[in-house]
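As a plain string of letters, each chain reads:
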Amino acid sequence: MNCRHCGSQLQHTFLDLGTAPPSNAYLSAEQLNNPEIYLPLKVLVCDHCWLVQTKDYSTPDDLFTPDYAYFSSTSTSWLKHAETYCERMISELELGPESLVLEVACNDGYLLKNFVSNNIPCFGVEPTESTAQQAAKLGIPVLQKFFGKALGEKLANQGQLCDLIIGNNVYAHVPDINDFTAGLKLVLKTHGVITLEFPHLMRLIAGSQFDTIYHEHFSYLSLNAVNQIFANHGLRIWRVEELNTHGGSLRVYGCHDNDPRPEESSLRNILKEELVAGLCEIDTYTRFQTTAEKIKNELLSF
């Protein structure tokens, strides 16, 4: 297998968890006596761009089905997280009736409803039918598709360039991270802003959070890797925030590479922190298997 970003041959295993059913593939009563699908769950690391990625065994259509079970609005703390973010973005970016906001993977409308209530034009992209229908009930226009370069080009040709593009916990879920990032670039207005939130690989390693590794996450992301991916697609990260969601996440703020926004110290600080933590050293990744097995064996012994 080759790296999904830089194309280098992958030679190093980060973690092999054997086999497991897809995480959200809940069984109906009628299915309980039938064979269950188990897929290998093996994660590799690229020693060139440091993107950590699952080995190819499943496809998005297998994972993001019409009856997809995860609805963001079931978490009250996540709803508050989204509301606080929206209030801040509306104020900081001075968003109003002439603006346009896009959320990729808008789920059930948990976030975009805050823009609807403030009369700020917005729309979502969401491939799963169950959640997209719920978002539509809130008055949110939803394109029931997977996002990528082709859709970004279509939206740009229709004049739907966006002042703000939001992607919360979707960047790790896309199988073709280059195609997805190219789509973001195409649909971003000249002085627009992209914000992406994703679990931070450094926190996963530091906290031995191997329970957060599952088939829907095609990538496990460091700031270093994301910074390279953005740069290779004509985008630039200018601000980074550390969040306590999902075991420790990052929120990166991106813009076109020729945007005059100054780069904030947060980018340099976290890149340096990752370097000190060994995220550019192969031993940091290859010894994680031993850490996970030790925790497993200690639990079984207990």
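This text goes with the structure placed above it.
Residues numbered from 1 in each chain as written. Predicted model: local features only at pLDDT ≥ 70, side-chain atom pairs only at ≥ 80, totals over all residues. Heavy atoms only, no water.

A. Geometry of empty space enclosed by the protein. Considering all chains together, one arrives at two cavities of 30 Å³ or more under this definition. Roughly 70 Å³ of internal volume is contained in the largest cavity. Residue assignment for the lining of the largest cavity shows that the elements contributing at least two residues are helix H7 (201–206) and strand E9 (219–220). Class assignment for the residues of the lining of the largest cavity results in six nonpolar, four polar and no charged. (1 Å grid on protein atoms, 1.4 Å probe; cavity = no way out; pocket = protein on both sides within 12 Å on 5 of 7 lines; lining within 4 Å. Points joined across faces, edges and corners; volume = space filled by probe spheres on them. Helix = DSSP H or I, 4+ residues; strand = E, 2+ residues; numbered from the N terminus. Nonpolar A, V, L, I, M, F, W, Y, C, P; charged D, E, K, R; others polar.)

B. Molecular detail of the sheet that holds strand E4 (residues 101–104). Overall, mixed pairing links the seven strands, which are arranged E6-E5-E4-E7-E8-E11-E10 in an open sheet. Sheet topology places strand E6 (142–143) and strand E10 (235–243) at the edges, where each strand pairs with a single neighbour. Bridge count for strand E5 (residues 122–125) against E6 is two bridges, and the pairing is parallel. When the bridges of E6 are listed, Gly 124 appears paired with Val 142. (Pairing = 2+ DSSP bridges.)

C. Representation of the environment of His 233 in the model. As for its placement among the helices and strands, His 233 is situated in the loop between helix H8 (223–231) and E10. His 233 sits in the buried class, given a relative accessible area of 18%. Residues His 233 and Ala 182, 51 residues apart in the sequence, show an inter-C-alpha distance of 6.1 Å. Other than its neighbours up to four places away in sequence, His 233 contacts Asn 178, Thr 181, Ala 182 and Lys 185. Side-chain polar atoms of His 233 contact the backbone oxygen of Ile 229, separated by 2.9 Å. (Buried < 20%, exposed > 50% of the residue type's maximum accessible area, 1.4 Å probe, protein only. Contact = heavy atoms within 4.5 Å. Polar contact = N/O pair within 3.5 Å; in protein donor to acceptor, adjacent residues only side chain to side chain.)

D. Geometry of the side chain of Thr 195. In this structure, Thr 195 sits in strand E8 (residues 188–199). Within the structure, the side chain of Thr 195 is placed 2.6 Å from the side chain of Tyr 85, a separation counted as a polar contact. Discounting residues that sit within four places of it in the chain, Thr 195 has contacts with Tyr 85, Met 89, Leu 164, Ile 165, Ile 166, Gly 167, Arg 251, Val 252 and Tyr 253.

E. Local environment of the pattern of salt bridges. Applying the stated criterion across every chain, the model contains 12 salt bridges. Note that Glu 92 is salt-bridged to Arg 239, the shortest N-O span being 2.9 Å. Taken together, the residues Glu 92 in helix H2 (residues 76–92) and Arg 239 in strand E10 connect sequence positions 147 residues apart. Among the residues examined, Glu 92 registers a relative accessible area of 35% and is labelled partly exposed. Residues joined by salt bridges that share partners form a network here, namely Arg 88, Glu 92, Glu 197, Arg 239, Glu 241, Arg 251 and Glu 264. (Salt bridge = Lys/Arg side-chain N within 4 Å of Asp/Glu carboxyl O.)

F. Local environment of unusual backbone geometry. The backbone of Glu 94 sits at a positive phi, close to 55°, despite the residue not being glycine. Its location among the elements puts Glu 94 in the loop between H2 and E4. Its identity is not glycine, yet Ala 105 carries a phi of approximately 65°, on the positive side. By the secondary structure assignment, Ala 105 is in the loop between E4 and helix H3 (113–116).

G. Structural view of helix H9 (residues 265–276). With 12 residues, H9 extends 17 Å from end C-alpha to end C-alpha; this agrees with the ideal 16 Å at 1.5 Å per step. Listed in full, the buried residues belonging to H9 are Ser 266, Leu 267, Ile 270 and Glu 274. All buried residues of H9 lie within an arc of 105° about the axis, which places them on one face of the element. Turned more than 90 degrees away from the buried face of H9 sit Lys 272, Leu 275 and Val 276, all of them exposed. Buried positions along H9 lie against H7, H8, E10 and strand E11 (249–256). Looking one or two residues beyond H9, the residue adopting positive phi is Gly 278, at roughly 85°. (Expected span 1.5 Å × (residues − 1). Arc of directions from axis to C-beta.)

H. Looking closely at the nonpolar core. Judged by nonpolar contacts, the single largest core of 40 residues is most densely connected at Leu 102, Phe 147, Ile 165 and Tyr 171. Tyr 171 has contacts with Ile 177, Phe 180, Thr 181, Leu 196, Phe 198, Leu 221, Val 226, Ile 229 and Phe 230, leaving out every residue within four places of it along the chain. Among the nonpolar cores identified, the runner-up in size contains 23 residues, and Cys 86, Val 101, Val 193 and Tyr 253 belong to it. (Core = buried A, V, L, I, M, F, W, Y, C linked by side-chain atoms within 4.5 Å.)

I. Geometry of the pairing of E5. The alternating pattern of E5 places Cys 122 and Gly 124 on one face and Phe 123 and Val 125 on the opposite face, and all of these are buried. Relative to E5, E4 runs parallel, the two being bridged by four bridges. Paired with Leu 102 across the two strands is Phe 123, which belongs to E5. Since E5 and E6 lie parallel, the crossover through helix H4 (residues 129–137) that links them has a hand, and here it is right-handed. (Right-handed = clockwise from strand over helix to strand, strands pointing away.)

J. Highlighting the sheet that holds strand E3 (residues 52–54). Across the sheet, which stays open at both edges, the four strands sit in the order E1-E2-E3-E9 with antiparallel pairing between neighbours. Looking along the sheet, the strands with just one partner apiece sit at the ends: strand E1 (12–20) and E9. In terms of strand pairing, strand E2 (residues 39–45) meets E3 through three bridges, oriented antiparallel. Across the sheet, residue Val 43 finds its bridge partner in E3, namely Thr 54.

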